[in-house]
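Residue-level structure breakdown
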Amino acid sequence: MSSGNGEPKVDNPNRAFQLFDHDQTGRISFKNLKRVVKELGEKMTDEELREMIYEADREGSGDVSLDDFMRILKKTHLLS
């Protein structure tokens, strides 16, 4: 779904998280993120992907938790 100004919104953040968390660990790993980016046909370097994880990872675990994911959605106004 999208907002009135055409920006995409996430209606079901838990489901969106699960799409990234393909191996069902409860976290989005570098491998998970790389798979999704590839499936979407995006061109990003490993360094760019690692930077994305680093920016989202508040726990310092090296991957993205559901809490991290939700915070990013809220920060970027993607949560509907």
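Structural data are supplied above this passage.
Residues numbered from 1 in each chain as written. Predicted model: local features only at pLDDT ≥ 70, side-chain atom pairs only at ≥ 80, totals over all residues. Heavy atoms only, no water.

Considering the nonpolar core
With twelve residues, the main nonpolar core is built from Val-10, Ala-16, Phe-17, Ile-28, Leu-33, Val-37, Leu-49, Ile-53, Ala-56, Val-64, Phe-69 and Leu-73. Contributions of two or more residues to this core are made by α1 (13-20), α2 (30-39), α3 (46-56) and α4 (66-75). It is α3 that provides the largest number of residues to this core, a total of three residues. Setting aside residues up to four positions removed in sequence, Ala-16 forms contacts with Val-10 and Phe-69. (Core = buried A, V, L, I, M, F, W, Y, C linked by side-chain atoms within 4.5 Å. Buried < 20%, exposed > 50% of the residue type's maximum accessible area, 1.4 Å probe, protein only. Helix = DSSP H or I, 4+ residues; strand = E, 2+ residues; numbered from the N terminus. Contact = heavy atoms within 4.5 Å.)

Re α4
Those residues of α4 lying buried are Asp-68, Phe-69 and Leu-73. Along the axis of α4, the buried positions cluster into a sector of 135°, meaning they face one direction only. Exposed residues on α4 whose side chains face more than 90 degrees from its buried face are Asp-67, Lys-74 and Lys-75. Residues of α4 that are buried in the fold lie against α1, β1 (27-28), α3 and β2 (64-65). His-77, located one to two residues past α4, shows a positive phi value of around 60°. (Arc of directions from axis to C-beta.)

So, the side chain of Asp-68
Topologically, Asp-68 is positioned in helix α4. One buried charged side chain, Asp-68, makes no salt bridge at all; its nearest oppositely charged neighbour is Arg-71, positioned 4.2 Å away. Among the polar contacts made by the side chain of Asp-68, one reaches the main-chain amide nitrogen of Arg-58 at a distance of 3.4 Å. If near-sequence neighbours (up to four positions away) are discounted, Asp-68 is found in contact with Ala-56, Asp-57, Arg-58, Glu-59 and Asp-63. (Lys, Arg positive; Asp, Glu negative; His and termini not counted. Salt bridge = Lys/Arg side-chain N within 4 Å of Asp/Glu carboxyl O. Polar contact = N/O pair within 3.5 Å; in protein donor to acceptor, adjacent residues only side chain to side chain.)

Topic: the pattern of salt bridges
When the charged atoms of two side chains with opposite charge come close together, those side chains can pair. Counting across every chain of the model gives four salt bridges. Here Asp-63 and Arg-27 are joined by a salt bridge, their closest N and O atoms 2.6 Å apart. Of this pair, Asp-63 sits in the loop between α3 and β2 while Arg-27 sits in strand β1, and the two are 36 residues apart along the sequence. Given the relative accessible area of 16%, Asp-63 is considered buried. A salt bridge links Lys-34 to Asp-46; the nearest nitrogen and oxygen atoms lie 2.9 Å apart. Placement of Lys-34 in helix α2 and of Asp-46 in helix α3 is noted, with a sequence separation of twelve residues between them. According to the relative accessible area criterion, Lys-34 is partly exposed, its value standing at 38%. For Asp-46, a relative accessible area of 28% gives the class partly exposed.

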